[in-house]
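Overview (structure and organization)
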Amino acid sequence: MNVHATTMDAAPPIPSTGIGRLANRLDHVVGTAVEALAAALVLVEICILAAGVTARYVFHAPLVWSDELASILFLWLSMLGAVVALRRGEHMRMTGLVSRVSPATRSLLEALAITAAIAFLLLILPHALEYAHEETFIVTPALEITNAWRAAAIPVGMGLMLLAASFRLLRFGSLKPVLLAIGITAALVALFWLAGPTLKPLGKLNLVVFFVGVVALNVFSGVPIAFSFALATFGYLACTTTTPLIVMVGRLDEGMSHLILLAVPLFIFLGALIEMTGMAKAMIQFLASMLGHVRGGLSYVLIGAMYLVSGISGSKIADMAAIAPVLFPEMKKRGAKPGDLVALLSATGAQTETIPPSIVLITIGSVTGVSIAALFTGGMVPALVLGIALCFVVWWRNRGEDLGHVVRHSWGQIGKLCLIALPAIALPFVIRAAVVEGVATATEVSTIGIAYSVLAGLLLYRQFDWRRLPRMLADTASLTGAIIFIVGCATAMAWGLTQSGFSQDLARAMAAVPGGSWGFLAISIVAFIILGSVLEGIPAIVLFGPLLFPIAKQIGVHEVHYAMVVVFAMGIGLFAPPFGVGYYGACAISKVNPDEGLKYIGGYMLALFLGLIVVAAVPWFSTGFLKF
């Protein structure tokens, strides 16, 4: 199924009713305008960051306003991209149950997926408007304009998403499931609202009710992942706390506004550019000539490529976006199952979490005081250990692969293909060198890759289809919106968990586990796998790092060793379904339905877990190259 994960069919039938036809026309007008604006924002962001690099490195005259303007426009890009994704049906969701029920029930669940999103948007929109109004009193430091220009993106984006979802509902094929879905959604909202006085005395049990029960109910019913997280968080805060709900909007804003996330759309666009310019084809032909005659050869290439480029962008999603478009088409041609590909991509995302310059390791260093240089040094070998574990699974699964149709290339042919592919192969090294030498930040470096790819396509490979650029930019915006909106909702959910006191309770419970350092490492692995699936890496580290790292040091666990164990455990949780956000990001980038990867990912996650046990049991892998 060649979609990211659908809310409804990407191209619903032409409505037969007058209201349906009107909704279809309005949707086309509004949707086309939003897509064009979102695509333009991607292009503007590229130009702003490229100008910042050029001004600072070439002319030694930094543009002090470039990062601020890029940040403002990025929030607009994320929200408009989320609108495009909702209109196209590209928000990520689980459809395992939806695809297995009767047509009538499936139609009802499809309608519920839309009405659940509408319910959240209606509930949060007044608070989003209030939040934007409150931001009018804040003046930005560089541009000296009111911050409402940036914050207004949230209510505008939510209002447009509400329109897009309403248009989809009006174009729905049958009225009965729509009315039933509206009734069920309204009844559930009213039930939770009325149950507020009963829920409040339950205390921390509400964490199970909302962040396990409500999330699971929504996810398995086919509600998009982002809206599942958002509904659970809104319900928890509204029904069981006295927290003003404008705070949730602030946490959404915070989650979507990290400047490092700007690397996501730029690397997504870079991946599309590499394919369009022919660089991907040249690279694949060379790699296939080297390892094509080996069973599972290109899967080994995927593992190695993620190890090489990981950490360059500071975002794991961006790393995967740079690799998947290059390798996956050729791997599919050779018979690889899409589900197996997305499972391996997701596993490599967890495997390479400690490759510098890892934003998670930088966060650990900043909140715990551990040397970032030591963390970078200690992260290379453990990632290699987990990579070897994944290679074993690849070997096992491909040991019976039929290579009868594969031609083994001569050394002369390999050399010729290497020469052709050399500019493409050099790209990751150019990008990494730009970061290491200080030419560009982790966010800006993607613009160097884009400029390099444009020049290579025009001058070397003579392949550059200008007509494809508008579509590529719009696709980049849509995918960015789907991913960043999930990150924002996950950040809000993490904040809700924090306010409950859950983090302090967990730290005390972990410190009380018997078994000394081994017992503490074991419970840390279990706890951080669970936390990684709910909180993502950075929120979990910010919450628990300052509490747990002193305990680890006190009982004799080296801080760098503990960091590697914690990061890999969180990575497994982050990239393991059904709750791991990273898994859905991998599915979105790969354009593979999440259900297809479920039967393949278990073996890779088991290999990662066993590799993690080895890393935890042998501290030398993490500390052997440190200078004490």
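Conventions used here
- Counting restarts for each chain: residues are numbered from 1 in the order of the written sequence.
- Local features in a predicted model are, by the rule used here, given only for residues with pLDDT of at least 70; side-chain atom pairs are given and counted only at 80 or more, and totals for whole chains, interfaces and linings are based on all residues.
- Here the side-chain values reflect all heavy atoms present in the structure, with hydrogen atoms and water set aside.
- What counts as a helix is a DSSP run of H or I of at least four residues, what counts as a strand is a run of E of at least two, and both are numbered from the N terminus.
- Only C-alpha atoms enter the radius of gyration; for comparison, a globular chain is expected to reach 2.2 Å times N to the power 0.38, where N is the number of residues.
- Buried means the residue's accessible area, taken with a 1.4 Å probe over protein chains only, is under 20% of the maximum for its type, while exposed means over 50%, and partly exposed covers the values in between.
- In what follows, residue pairs with any heavy atoms lying within 4.5 Å of each other are defined as contacts.
- Computed by Shrake-Rupley with a 1.4 Å probe, the accessible areas treat only the displayed protein chains as cover when residues are assessed.
- Whenever two N or O atoms come within 3.5 Å, that pair is a polar contact, provided that in protein one can donate a hydrogen and the other can accept it, and provided that, for residues adjacent in sequence, both atoms are side-chain atoms.
- Angular values range over 0 to 180 degrees, each being the angle between N-to-C directions of two axes fitted as lines to C-alpha atoms, with helices fitted over their stretch in contact.
- Orientation labels follow simple angle bins: below 35 degrees gives roughly parallel, above 145 gives roughly antiparallel, 65 to 115 gives roughly perpendicular, and whatever is left gives oblique.
- Ten residues, namely Ala, Val, Leu, Ile, Met, Phe, Trp, Tyr, Cys and Pro, are considered nonpolar, four, namely Asp, Glu, Lys and Arg, are considered charged, and the remaining ones, Gly among them, are considered polar.
- Here, a salt bridge means any Lys or Arg side-chain nitrogen found within 4 Å of an Asp or Glu carboxyl oxygen.
- What we call a nonpolar core is a set of buried Ala, Val, Leu, Ile, Met, Phe, Trp, Tyr and Cys residues that are connected through their side-chain atoms within 4.5 Å.
- Across the chain, each position has a pLDDT score giving the predictor's confidence in that residue, from 0 to 100.
- A patch consists of residues exposed above 30% relative accessible area that lack any salt bridge, with like charges linked at up to 9 Å and nonpolar side chains (Val, Leu, Ile, Met, Phe, Trp, Tyr) linked at up to 5 Å.
- Between rings of Phe, Tyr and Trp, where Trp is taken as its six-membered ring, a pair exists when centres lie within 6.5 Å; planes separated by under 30 degrees are stacked, by over 60 edge-to-face, and by other angles tilted.
- In a helix, the anticipated span is given by 1.5 Å times the number of residues less one.
- Cysteine sulfur atoms are paired as a disulfide whenever they fall within 2.5 Å.

**Here's the deal with the overall build of the protein chain**
Along its length, the protein chain carries 27 helices and zero strands. By the compact-globule yardstick of 25 Å for 628 residues, the protein chain fits well, its C-alpha radius of gyration being 24 Å. Considered along the principal axes of its C-alpha atoms, the protein chain spans approximately 70 × 65 × 60 Å. Among the 628 residues that make up the protein chain, the fraction classed as buried is 58%. Here the analysis covers contacts within the protein chain between residues at least 6 apart in sequence; of these, 82% occur between residues at least 24 apart. Per element, the accessible surface of the protein chain, about 25100 Å² overall, is 70% carbon and sulfur.

**A closer look at the side chain of His91**
Looking at where His91 falls in the secondary structure, it is placed in the loop between helix H2 (66-88) and helix H3 (103-134). We classify His91 as buried; its relative accessible area is 1%. For His91, the side chain forms a polar contact with the main-chain oxygen of Ala82, separated by 3.0 Å.

**Side note on the packing of helix H1 (residues 18-57) against helix H20 (residues 469-499)**
At their nearest, the axes of H1 and H20 sit 8 Å apart, and the two run at 95° to each other. Our classification of the angle between H1 and H20 gives roughly perpendicular. Residue-level contacts link Glu35, Ala38, Ala39, Val42 and Leu43 of H1 to Pro470, Leu473, Ala474, Thr476 and Ala477 of H20. Per-class residue counts for the contact of H1 with H20 are eight nonpolar, one polar and one charged.

**Some points on the pattern of salt bridges**
In total, this model carries 11 salt bridges according to the counting rule given. When the shortest N-O distance is used, the salt bridge between Asp475 and Arg471 registers 3.5 Å. Of this pair, Asp475 and Arg471 are both found in helix H20, four residues apart, which corresponds to roughly one turn of the helix. It is possible to trace a salt-bridge network through shared partners that takes in Asp27, Glu35, Arg87, Arg88, Glu90, Arg171, Arg471 and Asp475.

**With respect to the packing of H3 against helix H10 (residues 246-256)**
At their nearest, the axes of H3 and H10 sit 8 Å apart, and the two run at 80° to each other. Considering their axes alone, H3 and H10 lie roughly perpendicular with respect to each other. Contact residues: Phe120, Ile124, His127, Ala128, Glu130, Tyr131 and Glu134 in H3; Ile246, Met248, Val249, Gly250, Leu252 and Asp253 in H10. Class assignment for the residues of the contact of H3 with H10 results in eight nonpolar, two polar and three charged.

**Some thoughts on the nonpolar core**
Formed by 217 residues in total, the largest nonpolar core has its most connected members in Phe120, Met158, Met161, Phe528 and Tyr562. Element by element, the count of residues in this core is highest for H20, at 18 residues. For Met158, the residues in contact, after removing those within four places along its chain, are Met79, Phe120, Leu121, Ile124, Leu125, Ala128 and Leu252.

**Some details on the confidence of the model for the protein chain**
Caution applies to low-pLDDT regions: their predicted coordinates should not be interpreted in detail. On average, residues of the protein chain score 84 in pLDDT, and 92% of them reach the 70 mark or higher. When the criterion is pLDDT under 50, residues 1-11 qualifies, and its contacts beyond four places in sequence or with other chains add up to 42 contacts.

**Some thoughts on a nonpolar patch on the surface**
On the surface, Leu455, Leu458, Leu459, Leu460 and Trp466 cluster together to form a nonpolar patch covering roughly 550 Å² of accessible area. Structurally, the position occupied by Leu459 is in helix H19 (residues 445-460).

**Examining the packing of aromatic side chains**
Aromatic ring pairs: the centre-centre distance and the angle between the two ring planes describe each pair. One pass over the structure, following the stated rule, counts 13 aromatic pairs. Between the aromatic rings of Phe211 and Tyr236, the centroid separation amounts to 5.1 Å while the plane-to-plane angle is 50°, which identifies the pairing as tilted. Placement of the pair is Phe211 in helix H8 (residues 205-220) and Tyr236 in helix H9 (residues 225-240), with a sequence separation of 25 residues. Its relative accessible area of 6% is what places Tyr236 among the buried residues. Taking 5.5 Å as the distance between ring centres and 75° as the angle between the ring planes, the aromatic pair formed by Tyr583 and Tyr584 counts as edge-to-face.

**Digging into the environment of Leu612**
Along the chain, the position of Leu612 falls in helix H26 (residues 594-617). Judged by relative accessible area, Leu612 falls into the buried class, the value being 0%. Sequence separation of Leu612 and Ala389 is 223 residues, and the distance between their C-alpha atoms is 9.6 Å. Not counting the four nearest positions on each side in its chain, Leu612 is found in contact with Leu386, Ile525, Val565, Phe568, Ala569 and Ile572.

**Looking at H2**
Taking 1.5 Å as the rise per residue, H2 with 23 residues should run 33 Å; its terminal C-alpha atoms sit 31 Å apart, in good agreement. In terms of burial, H2 is a largely internal element, 20 of the 23 residues being buried.

**Description of the state of the cysteines**
Overall, the coordinates contain zero disulfides when judged by the stated rule. Unpaired in terms of disulfides, Cys239 finds its nearest cysteine sulfur in Cys489, a separation of 17 Å.

**Side note on unusual backbone geometry**
The backbone phi angle of Arg462 is positive, close to 50°, even though this residue is not glycine. The backbone phi angle of Lys591 is positive, close to 55°, even though this residue is not glycine. Tracing the chain through its elements places Lys591 in the loop between helix H25 (581-590) and H26.

**Here's the deal with the environment of Ala474**
Mapped onto the fold, Ala474 is located in helix H20. The buried category is assigned to Ala474, whose relative accessible area is 8%. The sequence separation of Ala474 and Ala607 amounts to 133 residues, and the corresponding C-alpha distance is 37 Å. Contact partners of Ala474, with chain neighbours within four places excluded, come to Glu35, Ala39 and Arg88.

**A look at the environment of Cys489**
Its place among the elements puts Cys489 in helix H20. Judged by relative accessible area, Cys489 falls into the buried class, the value being 1%. Counting along the chain gives 238 residues from Cys489 to Arg251, while the straight-line C-alpha distance between them is 8.1 Å. Setting aside residues no more than four positions away along its own chain, Cys489 makes contact with Ala226, Phe229, Ala230, Thr233 and Leu252.

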